[in-house]
Every structure is written in C-alpha cells, then in structure tokens.
Amino acid sequence: MDNHGSSPSYPNHDPYAYPPPPYPPPSSDPYNPPPYPYSYNSAPPYPYGYPPPPPSTSQSGPWDYHHHPPPYPPPYPVDPISYSAPQPTLQHHSSFQYGSSHHYQQSGPYTSPESPSHVPARADSFSNHHRQESFSSLNVHGVSDSTPSRPSAYPPLEDLLGNVHLSANQPTAPASPPAPSVPPLASAPPCGMYDRPGDFYGYPNDSSSSGWELSYSSQSDSFGQSAYGHSGSFNGSQHSQCLQIVPQQGKGSLKVLLLHGNLDIWVYQAVNLPNMDMFHRTLGQVFAKLPGNVSNKLESHMSDKITSDPYVSISVSNAVIGRTFVISNSENPVWKQHFYVPVAHYAAEVHFLVKDSDVVGSQIIGVVAIPVDQIYSGAKVEGTYPILNNSGKPCKPGAALSISIQYTPIEKLSIYHHGVGAGPDYHGVPGTYFPLRKGGIVTLYQDAHVPDGSLPNIKLDRGMNYAHGKCWHDIFDAIRQARRLIYITGWSVWHKVRLVRDAGFASDCTLGDLLRSKSQEGVRVLLLIWDDPTSRNIMGYNTDGIMQTHDEETRRFFKHSSVQVLLCPRNAGKRNSWVKQREVGTIYTHHQKTVVVDADAGNNRRKIIAFVGGLDLCDGRYDTPQHPIFRTLQTVHKDDYHNPTYTGNISGCPREPWHDLHSRIDGPAAYDVLTNFEERWFKAAKPHGIKKLKTSYDDALLRLERISDIVGLSDAPCISEADPEAWDVQIFRSIDSNSVKGFPKDPKEATTKNLMCGKNVLIDMSIHTAYVKAIRAAQHFIYIENQYFIGSSYNWSSNKDIGANNLIPMEIALKIANKIRANERFAAYIVIPMWPEGVPTGAATQRILFWQNKTMQMMYETIYKALVEVGLEEAFSPQDYLNFFCLGNREATDGSETTIPGSPTAAKTPQALSRKSRRFMIYVHSKGMIVDDEYVILGSANINQRSMEGTRDTEIAMGAYQPHHTWARKSSNPHGQIHGYRMSLWAEHIGGIENCFTQPESVECVRRVRSLGAMNWKQFAADEVTEMRGHLLRYPVEVDQKGKVKPLPGSETFPDVGGNIVGSFLAIPENLTI
C-alpha cells in the first residue's frame, strides 16, 4: 500500500504519510466544528408563537478583544423581516474529482411524499452544469471606480434594509414582534437535500484570491435562478458532494469584500421548522389510513413526537466558521449561542445553513444569507429571517431564524496592535482550554542533541550567553531522577532507542531498560502510544504495520514488567456512522509527544516538569546540527538507520537527517501537560466489553492529592515575575471529546471550557487559535519551521473546495499586505522539508506538494497585489517579504568509507544516484513559530488541516514568552532566550551568524538570507561533490516579480530521487493529504 509512495518495508513514516484506506472514499460528514469558542446562555423559550427578533445590544461600536462580548442577549427586539423578492434555490449536486475533471450529478432534492408535484424534477430545475466562475478584469495599478458585483443569494439589499435594524452607537427602540408576512403555501414541501457528514472543512468556496474588492460575474444562462446546493465529503474534503452557491441572474447584486477581523455572531432560535424525519412522517401516513380506533391506539403509544434535530452551520466563502449544537426533536429550537470568530475571507455573503442532523449525515432545511456589505461598516445587523428552501420559498410557512452579526476589522482590534503586550493585564491567548501560567522556566531545544562547541556563542541581554540545550540528554536525566511518576505519550515510542550517544557520556542503556528499571524502583511508569491499526499481534503472528511505529513490539517488551503500556487507537466515537469510524480509525492518529515526570522541588518536595515538542522517542530521530548523512552510519547511527525514500536495496545509501524542535517546561504549565495525559488516559483506559462487569475499576494514574510530597498546581513553584528570566507559558491542543475524558457531556456547557461544537463531539482547537493570534499580533517578522505548510484553500485560485480551511497562510499573507500598505517592513521566513517523508514520486507525496504549491501561490499573489496597490511593484518583489526554504546536506568522501558497488542496470536508481552524488535533504520535522523574537509556539502540530482541525490528529503545543523581553517592555529588539533560540537555529542552518540577522525584518537581511539559500542550492544541485557548510537551501521553485510560482528552470524534479517539485494532482483522498 502506498505510503506517500514509499514501501512499507521502511520504518517510521510520519502519520501524514498514511496510506489511503482500503475502501473507496465515501461521502461522509465530519463534525463541522466551529474553529472558535462560543458562549451559551440558557433561557426559557419565548412565551408566544413567533419569536421576537433578536435584540440589539447596548455595546456600541466594534468589539475590543480585551473585553468579552456580553453574556446575555440584548433586551430590546427588532422588527422581523418580510420578504417579497425572488429567493435563492437550494440544490444538491455532486462532483467527484479523484483525478478527473468530470462531475457526477446526483438526483435532485428529496421530494416530500405529501406533495411531490410541488418540487420540480431534477432535470427541470437544473441542467447538468458545473458552476462556472469568472471575475471582471482588474486594473493592476489600482482599483477601478466601478465596482463589479455579484447577484445575491438572498432578497435584494433594498428589501432587506427596510426590515433590519443597524445599530452602531445607539440602542434601538422596542418593536412589536409580529410574525413576518409569509405568503401561505398550499403545500410547501420541506427541503430534502441530503448533507452528508463533512461540511466543516468540505464546504467549497466562491472567493477569489485577489487582494482587491471583487465580484461575481453572471453565471451560465442555464441557471435561471439562484441555486443552493450542498455536499458532504469524505471528512471534509469536497470530493463527493458540494455546496455550490449559484448567484441569481439579475436579481440584485452584492460586492465581494475582504473580511479580515472578527465576527461577533448570535444564533438565537428558529421557529416552525419542518419535520425532516421521513420515517416518522411516513409512519404517520400509514396510521392515517388505518381505522380510527386502531390509529388512535397506535398513536397513543407515540406520545413523544419524532421530528427534526436541527442545528445551524455558519459559513463565509463556503468555509464553515461556526456551528451550533444539535437540539433533538424540535421544530422550535432555542440555541442562544454566541460565536466570536476570526475571519480572513473574501466573501459576498455570510450564510446560515439550518440543517437536520441524521445518523448517517444531515439534511439541509434551508438557508439565511446576510450580505457582507451590510456588516462591513461595523454596524450590528440583526433580525428574524425566513428560512428558504430549494425553490427559494420558505421551507415551511412561518419558518424563520433569529440571528445577529457584527464585524470588527483587524485595525480596530487593539489586542493585535502591540505584539505580546506588557504588564499584568496581558492574559495570553483568550478563549482557550488552558489559561496562561506565569512564573515558569522554559528550555528550548533544536535537534535531539547539540554537542558542546558545535554552534557559535550568542550574546543575550544582561551579558548572558545563550545555552544550547541537549534534549534527549535532559529527558534521560529527568527519567532517571524521577521518584514517583513517568508518563509518556507518543505517536511512536521504541524501547530500543538510546537517548545518550555523545562521546564521553554514551550509554548502552536503552529507553526500555531505563523505564523498566524505574518501575522496579516503584515509580509509576505509563506509556500512552498510538495504536497503528495495521500492526497486530494475532496468535503469536506479528505484523509491524505500515507505519513501522513499533507499537506492538514495545508493548510486548514491557508485557511482564510493571510498566503499563496502553495502545490507544484513534476513535471517532460510537455516535458516528460506521464510515466515519473507519475513516478516523484508519487515517488519523494520536500525534502528541510529551514526557511528564516528577522532579526535585527542594525541601524534600517533588514537582511536575514536562517535555513538549515534535520529537518522538523512537528510531530515526537522533541527530545533531551537523546532520551527517554518511559519516555516522557505522558509529552513532549503526543500529538506527532510517530513510523511507528508498525501496529495495539500501546498502550504502545516505540516512535521512532529522531536524526537530522541542521544549522543557518547569512551572505551573507543566501541570496542564499532566492534565492532558490524565484526560487521555482516563478515556483510553475506560473498561470495555466484559471488563465493564467489574464492580470497581482501579485506574493506574496516581492521584497527586494523595501523595504528600508532590506539590499540586496551586502550590507549584514559581519564580518571581520580577525575575528577568521568568517565562509565561500556555498549553494548547487539537483534540476532541472522543480522545479525552472530562469535557462536558452537554454541549450547552462547552463554553465553560472554551470548547467548540462538532457533530456528536466537542472540540479543543486552541492550537489554531494561538497561531492566528500570534500572527495577527506580529509587528516585525515571523519565522516558521514546519513539516507541512498547507491551508486557506478557500482563497486558492482553484481547488478551493478541498477543505484545507485553516487561516494560517492567509493571515500571514494579509499581515504582509497590511504592512506594505502602511509602508512598514515585515518579513516571513518559512522552512519546510524538500519533500514530505516517503517516496517523492508517490501519489500522496505529489498531492501534498501540489497543495503546498497552491498555498505558496495564493500568498505571493496577495503580496504582489498589495505592492501594486501602493505603487511599489517595481521597487520590491514579493520575495522581499516572504521566502520559503528547505534544508539539505552534502558530504565529500574522506577516503575512509567503504564504497558499495552497484550493478550496471541499477546505475540510475535513486539509491545509486544518491551514493554517487553524496547528498540528501535534511528532513524538517519541526512544528514551531517564532514571532518578533518575543514569542514562540512549538509542539506536535503541523500547519495543515490534520493538525489544526481538532477532530483529526490529536496534538499538543506550548506558547511562551519572557515578559521582560518583549517589544512592549523594551521598545526595541528583544534579546532574551527566544532571540537566542532563533539565532541558534539560523547558525545551524546557515553555518554562521551575520550582523544583519539581528534585524530579520530588514530588506538587507531578507535578501542576504535568500542569496545564501540560492548559493547553497546551487552547491547541492551541482554535479561536483563538495562539502556543504550551510544547510539552508532556497525552496526549489521560481517566484517571478509578479508572484507567480513556477518550477525552477533545470530543477523541475528533486535531485537523484525524482518527483515533480510543484507536485501533481493525483487520485488520492484529500483527507490524507491536507
């Protein structure tokens, strides 16, 4: 089975190289989680038949993120909306794009059995066309005065404005709450379009990548009216069915505007929803035909009516940004649910889709659309709106949704104006599961080991030198010194790995030996390892699994010891469909990498410390800043060879060097890492099957409150905030309630934990929250190292609907664009692997490279258009602001190595070419970001949908800063530990330090680093074998003056190993590759 094109005979692929499932990708619906938290306020339902419209709030003007939105709905009503204009149509169609461009059209909307004649046939309502989009031509030197427009999918603006209150600075007078003037329908059928699971990130998009105000042009004449179609997907990608918004011909128009800021949204309630439960309605029809007394007796046993299970999905640019919880069996649901959501989207409307949740998916009941130009000024828009079905009419007479929405642009959100911020009033990233913890100590690591003297000295403030940490050495010592507990989570944990290998300290003691020895001393040792579903031990027959994570091997090693190993599969939860359970269990993983131990706290007390980052304790990870590829094959890496690029004979081939980031946390935040382990262990260790019959269940976790010598969180040692070396630390996660115990069972209580709603699941998406906040707050530069860089697909020029809707790439591009408009310098440096781990020619690898190229293209085009807007396109290029790099190494032969002869027929294989050229990429497995030398995020999460969504791979990260080393505190470049860390990383990659590196935002620094990368790439790609001093390479693509990304002339494929550098669109399910 293809694993990024690699052979299963090579161990330790990362989970993102996971093979496609063994069955065709079905159309399924993921959990539709909103990416940001909401507040829920319970309130009794309205006492009258039709709901009063949602009131205006006393809060005026845009929201300041320093303040929380009001906890209760405002106290005064708004006139309900009447409508008389033509309405949008909902229609259901499907497009399968697994390597082909044709589109499969499904049958039309489901027709109510009561009135089949009232819904036009599929062929009549909509011919077999796929949506076509074209935008008006743009003047590259400025914005045209005549703004192009797109037809609305809702009543014309002039009709809406007569019935909607816009409140900016003054309250609205109370209004009476009459029902809207809904023309009666003889027998309006409920909309029956099926929305299968998957609309959270599978909601395709109409937005443009343009940096200007845009508009939709008219559509094909075959669409006589606005159409709304929906689709579910194979976990979020829109490959099966898709929601297409087809603008209405000539029925009003709306501008496509950039929403970059926050949306403050309330979804209050809906009334008079149709009964979408087809089984119940059909049963009722059967009863009606029975004799009266029989019918009455049967109906008396069905006192509880079975009806719709509604929820509301909120989308911008067809990317879902919020979702209410599901209310079971209700035609008049009351949510009173609040969303405070970041947006970075071009859009004409904000859509509120009312859906009926089903076991196997969901059905669209109807839609409410709010034009963006109504909210663009920052005014609050609120009202009660008719819910329209596929024919553009109310899905049921009187069906309506009460909502309010207010937009605050980025420039009015003061929390993003001053970087990290200074003083006691700064509380870290708001709206997260774990709070900011003050008074800690953090050690930052690069690679598994840094030998003494291998990197230059770096000067910090107060005459200090930066200390290069030794990650695995410190982990070894922390485990060895533990007295009470050792808790380890990992994607892979291998008992044979040796943590200490440097000369003078090398130890033959393996991780397994060390842990077994500690457990014999009475230390509680627990390992929580992802259970690879392809590795099994059945009747003594062992299969290593495609991912070669050694999970079964490690479990067997500890089987007869007191070390407890829990292999934890990635489960979707019992309430999800069989398809969803198979998908999640097969494709997604538990990806966290943490070590939690007790340590000496002085005075015969113990405290908790934790290690968090990207390094798994397994083979292939041990490396140093020199990243040898041949020289250590018979020494340090003799029993630790790892390179999944090759298939077949690997004798004499280079190893795959490994670059990673990790951290050690000492202080209150370490207890949050412990909480994460406990929540996951409780969930994974829950008894199943016959074990449930036990009268009691004694869990292996230690209860700290019962151990007198371990200090708890409230008493955790902290250093004084006056100490210049103090750190403030916050823990973030991507995880859902199927992987942890402790989340509220009632979704209405999710706000108490700052969690989001998904379908049948609660979600912690705080890693994504933290990245967005840090990027928005950046003032000078961003430095990223990450294994993947894919996102913001809603703004790509094509393939917008694949579901890679995280905001990170778009936020970086808009940050740079805003700085260009403000005539301020800003730079972003992004280091990624040369190719994803595995065979570069493999289908999955090529698809990832394709998505990555689309992400790059979108960002560069956004930057170029900002340069054009201010007339700087001749003076600067997009690469004066944004650059992508990769890492590689090349070793000249020293005459002491044994050459491996190759057969003449194999002279052109990747193995033979690599042996001859003596070069290989350095695999960037890092997951970190440094902002302005004052803030760092690092952990296990990649920049892609798998890591950011929260319902896919489980992740953990830390965000930290030193309050005495920020721009707000110093009003100049901070030179604390984070500055030292970045400079140390640059010294490793570039081979030295230059003065301009202290000003990374300057054009001089950007151009110098770019020129060094270009020079190193020439040396790496040359025929002549020479020793490389620096490892930083330009990413091998060409970016022209207008931001167009093209293959690098002469380097269209990767040296030696092949594979298109810009990727290719091959038949691989997106869930695997985004």
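Keep in mind it's a predicted model, so treat the numbers as computed, not measured.

Draft legend 1. Looking closely at the UniProt feature "domain: PLD phosphodiesterase" (unreviewed entry) in the chain. The feature "domain: PLD phosphodiesterase" (unreviewed entry), as annotated in UniProt, sits at residues 586-621 and 920-947 in this numbering. Along residues 920-947 the backbone is 11% helical and 50% strand, and the end-to-end C-alpha distance reaches 27 Å.

Draft legend 2. Main features of helix α11 (residues 766-777). Look at α11: 16 Å from first C-alpha to last across twelve residues, which is about the 16 Å you get at 1.5 Å a residue. Counting buried positions over the twelve residues of α11 gives twelve, a clear majority of the element. Among the residues of α11, S766, I767, H768, T769, A770, Y771, V772, K773, A774, I775, R776 and A777 are the ones counted as buried.

Draft legend 3. Region of interest: the nonpolar core. Counting 126 residues, the largest nonpolar core has W472, L515, L527, I812, F884 and Y1035 as the members making the most contacts within it. A per-element tally of this core places helix α13 (residues 843-869) first, with eleven residues. Each of domain 1 (257-277 + 307-412) and domain 2 (441-450 + 458-715) gives at least three residues to this core. If we skip the residues at most four places from it in the chain, F884 touches F789, I830, I832, M856, M859, Y860, R1034 and Y1035. F325, Y671, W681 and Y783 belong to the second-largest nonpolar core, a separate cluster that totals 109 residues.

Draft legend 4. Region of the structure containing the side chain of T324. With respect to the helices, strands and loops of the structure, T324 is situated in the loop between β12 (319-323) and β13 (334-347). Only 2.8 Å separates the side chain of T324 from the backbone nitrogen of V312, close enough to count as a polar contact. Here W335 takes part through its side chain, which lies 3.4 Å from a polar atom of the side chain of T324. Ignoring sequence-local partners within four residues, the contact set of T324 consists of V267, Y311, V312, W335, Q337, F339 and C757.

Draft legend 5. Representation of the environment of D461 in the model. Tracing the backbone through its elements, the reader meets D461 in the loop between β18 (437-446) and α6 (471-481). Ignoring sequence-local partners within four residues, the contact set of D461 consists of H965, K970 and H975. Polar contacts involving the side chain of D461 include one to the side chain of K970, which spans 3.0 Å.

Draft legend 6. Examining the packing of helix α12 (residues 808-821) against α13 more closely. Between α12 and α13, the least distance of the axes is 9 Å, while the angle of their chain directions is 15 degrees. Considering the angle they form, α12 stands roughly parallel to α13. Considering only the axes of α12 and α13, their crossing is right-handed. Across from P809, M810, I812, A813, L814, I816, A817, I820 and R821 in α12, the residues of α13 making contact are T855, M858, M859, T862, I863, A866, L867 and E869.

About the cut-offs
Residues numbered from 1 in each chain as written. Predicted model: local features only at pLDDT ≥ 70, side-chain atom pairs only at ≥ 80, totals over all residues. Heavy atoms only, no water. UniProt positions renumbered as here; feature names shortened; annotations may be inferred. Helix = DSSP H or I, 4+ residues; strand = E, 2+ residues; numbered from the N terminus. Expected span 1.5 Å × (residues − 1). Buried < 20%, exposed > 50% of the residue type's maximum accessible area, 1.4 Å probe, protein only. Core = buried A, V, L, I, M, F, W, Y, C linked by side-chain atoms within 4.5 Å. Domains from an automatic or database assignment. Contact = heavy atoms within 4.5 Å. Polar contact = N/O pair within 3.5 Å; in protein donor to acceptor, adjacent residues only side chain to side chain. Axes fitted to C-alpha atoms, helices over the stretch in contact; angles between N-to-C directions. Parallel < 35°, antiparallel > 145°, perpendicular 65-115°, else oblique. Left-handed = near helix turned anticlockwise from the far one by under 90°.

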